[in-house]
Amino acid sequence: MKIEKKLKKLGIEEKQELTKEEKESVAQKVTDLLVESFKILEQDKNEIQNKLNQAPMFYAKIQKNISNVNYIYENSKIYFSEDINLNQITDTIIHEFIHYLQDLRKRNGKLKRIGLCNFNELSIKGLGMNEAAVQYISSKAIKRQQSLVKKYNLVLKTISPSYYPIMTNLIEQIVALLGENELVKAVIKNEQDFSNLFFNTFEGNAQSIINNFDNIIQLNNEIKNDKKQEEIVSLYIETQDIIMKTYFEKMLKLIDTVEDVDNLSKKLNKFMQITGKVEINGYMHNNCEIFKSYMTNKLDKKMISLYKEKSKTALAIVYTGRLNKIIQKIKSYFRV
Ligand SMILES: [Zn+2]
């Protein structure tokens, strides 16, 4: 689609370009907020700011039913609604600036990757997960706190209550397990570490998680009836289930000290705080509870067996100590 046609379809009418001062001021505010919330970006501060300073930014007449800031991939321009207050940096502004930062092209100008989303000849994979990760970072950058959200018949905690709350909650679950540094570097700087960490952790289930995010975003865009809502809810529950079971089953096999068990059970409890519940006939159901009891049981058993082993080794040390003393004593008899 030609760019003029696309803009018309979206309801964006380009007006004057922002002045150099206006651009630099908004770019600096966005950079500062990102670096304040994500220390891992500190070393890239100048690079981020310089890149954003150069972004083509325009005022535009924008239809009320779409966002007041839009990054358009076809012409790499950021459009701000004419009545926007650029002193007040919102998560929407940061969100679109991140899309500008993560735009990675092939030599022929075609999109290669945007953060967690990969483009190839046949398909686009990871669009949903990237969108959720960008929103997570944007919400955290404006220091919004988690709040309880009710969406369809789901009740969950998220830092993005009004924009993609369900997908952002799933990203928050992943962050609780894998940490956020790699995610931030992947989303903002197109680095590959997160992808490796994600695939190594979730292995055979990694692709299902990515696909479920893509399906949720797809359903979100075409939502018209209750059936689609039900589909989103069951996709959410399924994804939460895969994330939890794959991660904790895998980690259970890898832990071998008392500290490891302790850390993993803390992680399990922390994870449970972010899991979503389904409301059925006024009652709240959390599908993760059963797995949590199962895992807690496993962790308790592991802890007991590690303590037993530890006391055996402790005993062995005492014996060796005694044995040494006896040997020293015997040696002393033969001293000249
Ligand atoms: Zn987006």
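Residues numbered from 1 in each chain as written. Predicted model: local features only at pLDDT ≥ 70, side-chain atom pairs only at ≥ 80, totals over all residues.

Asker: Explain the overall build of the protein residue by residue, including any values.
Answerer: For the protein, the count of helices and strands is 12 helices and 12 strands. Rg of the C-alpha trace for the protein: 26 Å, well past the compact-globule value of 20 Å for 336 residues, more than 25% over. For the protein, the C-alpha atoms occupy an extent of roughly 100 × 60 × 40 Å along the three principal directions. A total of 336 residues make up the protein; the buried ones form 31% of that total. Here the analysis covers contacts within the protein between residues at least 6 apart in sequence; of these, 60% occur between residues at least 24 apart. (Helix = DSSP H or I, 4+ residues; strand = E, 2+ residues; numbered from the N terminus. Rg over C-alpha atoms; globule rule 2.2 N^0.38 Å. Buried ≥ 20, exposed ≤ 12 C-beta atoms within 10 Å, placed from the backbone. Contact = placed C-beta atoms within 7 Å.)

Asker: Describe in detail the nonpolar core, supporting the description with residues and values.
Answerer: By size, the foremost hydrophobic cluster in this structure holds 71 residues, and its most contacted members are V30, A132, A133 and V187. The element that contributes the greatest number of residues to this core is helix 5 (residues 127-141), accounting for eight residues. Apart from the residues within four sequence positions on either side, A132 is in contact with Y164, M167, T168, L170, I171 and F213. (Core = buried A, V, L, I, M, F, W, Y, C linked by C-beta atoms within 7 Å.)

Asker: Break down the packing of helix 6 (residues 165-178) against helix 11 (residues 258-274) for me, with residues and values.
Answerer: In contact at an axis separation of 10 Å, helix 6 and helix 11 are set at 170° when each is read in the N-to-C sense. By the criterion of interaxial angle, the relationship of helix 6 to helix 11 is roughly antiparallel. Here N169, E172, Q173, A176 and L177 of helix 6 come into contact with helix 11, specifically with K267, K270, F271 and I274. Partitioned by chemical class, the residues of the contact of helix 6 with helix 11 number four nonpolar, two polar and three charged. (Axes fitted to C-alpha atoms, helices over the stretch in contact; angles between N-to-C directions. Parallel < 35°, antiparallel > 145°, perpendicular 65-115°, else oblique. Nonpolar A, V, L, I, M, F, W, Y, C, P; charged D, E, K, R; others polar.)

Asker: An account of the sheet that holds strand 5 (residues 103-105) is needed here, citing residue identities and associated values.
Answerer: One open sheet holds the four strands; their spatial order is 5-6-7-8, and the pairing between them is antiparallel. The open sheet has two edge strands, strand 5 and strand 8 (124-125), and neither has a second partner. Each of strand 5 and strand 6 (111-114) is contacted by helix 4 (residues 91-102), which is oriented at about 20° to strand 5, the strand it contacts most. (Pairing = 2+ DSSP bridges.)

Asker: How would you summarise unusual backbone geometry if you had to cite specific residues and measurements?
Answerer: The residue N190 is not glycine, and still its phi comes out positive at about 60°. Residue placement: N190 occurs in the loop between helix 7 (181-189) and helix 8 (193-202). According to the C-beta neighbour criterion, N190 is partly exposed, with 16 such atoms within 10 Å. With phi around 40°, E203 is a residue other than glycine that occupies positive phi space. Within the secondary structure, E203 is located in the loop between helix 8 and helix 9 (206-221). The class of E203 is exposed, set by 11 C-beta atoms lying within 10 Å.

Asker: Explain helix 5 to me, using residue names and the numbers behind them.
Answerer: Owing to its 3.6 residues per turn, the α-helix aligns residues three or four sequence positions apart on the same side. Here helix 5 contains 15 residues, and its C-alpha end-to-end distance of 21 Å stays within 8% of the 21 Å for a straight helix at 1.5 Å per residue. With respect to burial, helix 5 is a largely interior element, 15 of its 15 residues being buried. (Expected span 1.5 Å × (residues − 1).)

Asker: Explain the sheet that holds strand 9 (residues 147-151) to me, and be specific about the residues and the numbers.
Answerer: On the basis of which strands lie adjacent, the open sheet formed by four strands has the order 9-10-11-12 and antiparallel pairing. On the outer flanks of this sheet lie strand 9 and strand 12 (283-285), each paired with one strand and no other. Pairs of neighbouring strands in the sheet enclose a mean axial angle of 30°, with direction left out of account. Bridge count for strand 9 against strand 10 (residues 154-158) is five bridges, and the pairing is antiparallel. The residue of strand 10 that forms the bridge with S147 is T158.

Asker: Can you lay out the pairing of strand 11 (residues 277-280) for me, pointing to particular residues and giving the numbers?
Answerer: In summary, the side chains of a regular strand alternate between the two faces of the sheet. Judged from the two bridges that link them, strand 10 and strand 11 form a sheet pairing that is antiparallel. Note that in strand 11 the partner of L154 across the bridge is V278. Hairpin connection between strand 11 and strand 12: a loop of two residues separates the two successive antiparallel strands, and N281 in this loop has a positive phi of roughly 50°.

Asker: How would you explain the pairing of strand 4 (residues 77-81) if you had to name every residue and give the values?
Answerer: Of all five residues that make up strand 4, four are buried, and the element is covered over most of its length. Bridge count between strand 2 (residues 57-62) and strand 4: four bridges; the pairing is parallel. Along strand 4, the bridge assignment pairs F58 with Y79. In this sheet, strand 4 lies alongside strand 3 (residues 69-72) in antiparallel orientation, the contact comprising four bridges. Its bridge partner being in strand 4, I72 is matched across the sheet by K77. Where strand 3 folds back onto strand 4 in an antiparallel hairpin, the turn is made up of four residues, including S76, whose phi is positive at roughly 55°.

Asker: Lay out helix 2 (residues 20-37) with the relevant residues and their values.
Answerer: Under the 1.5 Å per step criterion, the end-to-end length of helix 2 is 26 Å for 18 residues, consistent within 8% with the ideal 26 Å. All buried positions along helix 2 are accounted for by V26, A27, V30, T31, L33 and L34. Projected down its long axis, helix 2 shows its buried positions confined to an angular sector of 160°, all on one face. What points out from helix 2, more than 90 degrees from its buried face, is the exposed set K20, E21 and E36. (Arc of directions from axis to C-beta.)

Functional significance is not addressed by these values, which are geometric in nature.
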